[in-house]
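Per-entry structural report
If you want the building blocks of each chain, they are given just below.
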Amino acid sequence: MQDCLTFKDLTLGYNRHPAVHHLNGAVRMGSLTAVVGANGSGKSTLMKGIVGILKPMSGSCVVAPGHKLAYLPQQSELDRTFPARVIDLVSLGLWPQRGLLGRHRADDRRRVGEALSAVGLEGFEKRPIDSLSGGQLQRTLFARVLVQDANLILLDEPFNAIDARTVTDLIALISRWHGEKRTVMVVVHDLDLVRQHFPEALLLAREPVAWGDARETLSSANLLRARQFHEAWDENAPWCPSGTTATPTQRSALSSDPLQPENAA
Amino acid sequence: MSILFEWIVAPFAEFGFMQRALGGAIMLSVSACPVGVFLMLRRMSLTGDAMAHAILPGAAIGFLFYGLQLIPMTLGGLVAGVVVALGSGFVSRLTIQKEDASMAAFYLISLALGVMIVSLRGSNVDLMHVLFGTVLALNDEALTLIAMISVVTLASLAVFWRALVAECLDPLFLRSVSRLGPPVHFVFLGLVVLNLVGGFQALGTLLAVGLMMLPAAAARFWTSRVAPMCLLAIVIGIASCIGGLLLSYHASLASGPAIILFAGAVYLLSTLVGTRGILASWVRPSLHRTA
């Protein structure tokens, strides 16, 4: 099976301290992978590196050509006080098709409506986002991912502070995407959830600890190793002797002309 | 009826300088108020104030070489504003420092430089002109400049509207689907500079920011959607200009401050009686819905 994402000696970080250190490997097309690890182990940093928001300190991250990417950041990145309605937030997902200037057509509005139905938020179109509960907001953001119609989906901690029923509904959506052969990577903290619903897992502790079958990856030995890695942080750590050259994340899906709709359908 | 006509219409009908002041102020409102709404929504309300100070040295250099001439002072202000916007923007994006701190540093340097340059040549009267403007002395040049700035601003807002909203609401999402995030930020700062420069001939560097921010802040108490908020801010801006000019005419008050004080009064009233204001939050509704 073809690879969708390839990491070559990828190091990402802040202020010369790596948050993801020398990651090698590939994410297969159509795979469903949980990214697990303690707080500060590099999970969100890896997501930002894949999206291209964070440039590699060394190595590279390559998205295979023809992939349309949808990224759901952590909720804390969203300004919930902004005067927008549910429909405005979900319609942002039309950006890959309509870009900066393209008109939203009747068909687009229908797709937005269908996405809201799929996440169980019919009738919420005109609700201001500052009146939504945490679970409703997360459903709204999943609806936006649906509208994006991407084949590489990155979800950063989508189940944080979400009730059990919403988690079940969102997991069903993720399984649906997996069934549709989309590639999905999800940052998750709940290891039981990973064992139950995710075929593959990547265990990070700054260093990649294990990557492969979810149950094997989450073995006690690996989890113990992850904890040892993670706690070995040092402000004055010596310089890493390996590679120093960086290649920015290659996003064949992104247009070079910012005024054109990107990933045009 | 005739008293109303005498108070409200006659000053504008009879005097050319009042018509020009009204025309300039309305164009400024149409242009600057939506920019103010986005400044407020991006939590950069005080950035407008900082930028207003920042354009002073450029205007002062124009003044130093050419005296009280519109074009050199405007161009100077524009260059100074862009330098400060880009400088503080780059420092905040490339270093650990947040934009509020870098903006404060750049504008304080800029302001000190401006005051020093003005004091090299001018009197306090000149400094007052640069700081507080003369809306009642707008000439053709100034009106043309304001009209051009209005057109550029409205066109830019129309083109970048979707990106501006996305950048405010969910900047990381925008960065994941487009490379427009950083450029849009700088285009927006450019619009802020442009409108402050357009406003400084009429209202002065310090009061121009008042017409930008007060109607926007007032509109926030009445609506919870961006487009209606921009329209309402424009209406409040225009009403403040008309009200302020009439107040200045009838009570012989300084016109610029009168306009800003009028906008300030609308703001205070809105905080009190707006549908999202203080009174609304105190009033216990008599009915509530089942779900």
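My aim in this report is to walk through the structure given alongside it, one point at a time. Since this is a predicted model, take the numbers as computed values, not measurements.

So, on to the overall build of chain A. Counting secondary structure elements, chain A contains 9 helices and 10 strands. Relative to its 265 residues, chain A shows a buried fraction of 52%. Partitioning the intrachain contacts of chain A with sequence separation of at least 6 by distance along the chain shows that 73% fall at a separation of at least 24.

The next subject is the pattern of salt bridges. Side chains that differ in sign of charge can pair as their charged atoms come close. All names here are of chain A. In this structure the tally under the stated criterion is 17 salt bridges over all chains. With a closest N to O distance of 3.4 Å, Arg-195 and Asp-192 form a salt bridge. Of this pair, Arg-195 and Asp-192 both sit in helix H7 (residues 191–197), 3 residues apart, roughly one helical turn. Its relative accessible area of 48% is what places Asp-192 among the partly exposed residues. Counted as one network, the salt bridges with shared partners bring together Asp-149, Arg-176, Glu-180 and Arg-182.

Moving on to the pairing of strand E1 (residues 3–14) of chain A. Residues and elements named next belong to chain A. With 8 bridges joining them, E1 and strand E2 (residues 17–28) adopt antiparallel strand pairing. Each bridged residue has a counterpart across the sheet, and for Tyr-14 the counterpart in E2 is His-17. Once E1 ends, the chain turns through 2 residues before running back antiparallel as E2, passing Asn-15 with a positive phi of about 50°. Here E1 pairs with strand E4 (residues 58–63) via 5 bridges, running antiparallel. Bridge pairing links Leu-5 to Val-63 in E4.

The next thing to look at is the state of the cysteines. A covalent bond between the sulfur atoms of two cysteines is what we call a disulfide. Residues and elements named next belong to chain B. Following the criterion strictly, the structure yields 0 disulfides over all chains and no others. Of all cysteine sulfurs, the one in Cys-241 lies closest to Cys-33, which takes part in no disulfide; the gap is 7.4 Å. Its sulfur unpaired, Cys-230 is 9.4 Å from the next cysteine sulfur, which belongs to Cys-33.

Turning our attention to helix H3 (residues 45–54) of chain B. All names here are of chain B. Burial runs high along H3: 7 of the 10 residues are buried. Those residues of H3 lying buried are Thr-47, Gly-48, Ala-50, Met-51, Ala-52, His-53 and Ala-54. Those residues of H3 that are buried lie in contact with helix H2 (16–41), helix H4 (56–66), helix H5 (70–94), helix H6 (99–121) and helix H10 (181–219).

Residues and elements named next belong to chain A. The two faces of strand E5 (residues 69–72) match: Leu-69 and Tyr-71 on one face and Ala-70 and Leu-72 on the other face are all buried. Sheet topology note: the E5/strand E6 (residues 152–155) ladder contains 4 bridges and is parallel. Residue Leu-69 lies in a different strand from E6, and its bridge partner there is Leu-152.

Residue and element names in this part refer to chain A. The residue Asp-9 is not glycine, and still its phi comes out positive at about 50°. Tracing the chain through its elements places Asp-9 in strand E1. Taking relative accessible area as the criterion, Asp-9 reaches 27% and is therefore assigned partly exposed. Here Asp-149, not a glycine, exhibits a phi torsion of approximately 50°, which is positive. Along the chain, Asp-149 falls in the loop between helix H5 (134–148) and E6. With relative accessibility at 35%, the residue Asp-149 sits in the partly exposed group.

What follows concerns the environment of Ile-259 of chain B. Residues and elements named next belong to chain B. Within the secondary structure, Ile-259 is located in helix H12 (residues 255–273). The sequence separation of Ile-259 and Leu-246 amounts to 13 residues, and the corresponding C-alpha distance is 9.1 Å. Non-local contacts of Ile-259, meaning those with residues more than four positions away in its chain, are made with Leu-203, Leu-211, Ser-240, Cys-241, Gly-244 and Leu-245.

Between chain B and chain A, the residue contacts involve 27 residues of the former and 34 residues of the latter. Carbon and sulfur atoms supply 63% of the area that chain B and chain A bury against each other, a total of about 2,800 Å² over both sides. At the boundary of chain B with chain A, the tally comes to 3 salt bridges. Close ionic contact of Arg-276 of chain B with Asp-130 of chain A constitutes a salt bridge, the shortest N to O distance being 3.9 Å. Remark: the boundary between chain B and chain A carries 9 residue pairs in polar contact (both at pLDDT 80 or more). When contributions to the side of chain B that touches chain A are tallied by element, the ones reaching two or more residues are helix H8 (140–169), helix H9 (171–177) and helix H11 (226–251) of chain B. It is H8 of chain B that provides the largest number of residues to the side of chain B that touches chain A, a total of 8 residues. Looking at side-chain class alone, the side of chain B that touches chain A contains 16 nonpolar, 3 polar and 8 charged residues.

It is worth spelling out the side chain of Asp-108 of chain A at this point. Residue and element names in this part refer to chain A. Take Asp-108: it is sitting in helix H4 (residues 106–118). Taking relative accessible area as the criterion, Asp-108 reaches 0% and is therefore assigned buried. A distance of 2.8 Å separates a polar side-chain atom of Asp-108 from the backbone nitrogen of Arg-105. Ignoring sequence-local partners within four residues, the contact set of Asp-108 consists of Leu-94, Arg-98 and Arg-103.

Residue and element names in this part refer to chain B. For Gly-16, the position within the fold is in helix H2. By relative accessible area, Gly-16 is classed as partly exposed at 38%. Between the alpha carbons of Gly-16 and Leu-136 there is a distance of 9.5 Å; along the sequence they are 120 residues apart.

All names here are of chain A. Taken in spatial order, the 6 strands of this open sheet run E5-E6-E7-E3-E8-E9, and their pairing is mixed. Strands at the two margins of the open sheet, each flanked by one partner only, are E5 and strand E9 (207–213). Across the sheet, the mean angle separating the axes of adjacent strands is 15° when strand polarity is ignored. As defined by bridge partners, strand E3 (residues 32–36) adjoins strand E8 (residues 200–205) across 4 bridges and the pair is classed as parallel.

Residue and element names in this part refer to chain A. Helix length check: H4, at 13 residues, gives a terminal C-alpha distance of 18 Å against a target of 18 Å (1.5 Å per residue), a fit within 8%. Of all the residues in H4, the buried ones are Asp-108, Val-112, Ala-115 and Leu-116. The arc that holds the buried residues of H4, viewed along the axis, is 100°, so those residues lie on one side. Lining the buried residues of H4 we find helix H2 (86–91), helix H3 (95–98) and H5.

Basis of the calculations
- Residues numbered from 1 in each chain as written.
- Chains lettered and ligands numbered in written order.
- Predicted model: local features only at pLDDT ≥ 70, side-chain atom pairs only at ≥ 80, totals over all residues.
- Heavy atoms only, no water.
- Helix = DSSP H or I, 4+ residues; strand = E, 2+ residues; numbered from the N terminus.
- Buried < 20%, exposed > 50% of the residue type's maximum accessible area, 1.4 Å probe, protein only.
- Contact = heavy atoms within 4.5 Å.
- Salt bridge = Lys/Arg side-chain N within 4 Å of Asp/Glu carboxyl O.
- Pairing = 2+ DSSP bridges.
- Disulfide = S-S within 2.5 Å.
- Buried area = accessible area lost by both parts, 1.4 Å probe.
- Polar contact = N/O pair within 3.5 Å; in protein donor to acceptor, adjacent residues only side chain to side chain.
- Nonpolar A, V, L, I, M, F, W, Y, C, P; charged D, E, K, R; others polar.
- Axes fitted to C-alpha atoms, helices over the stretch in contact; angles between N-to-C directions.
- Expected span 1.5 Å × (residues − 1).
- Arc of directions from axis to C-beta.

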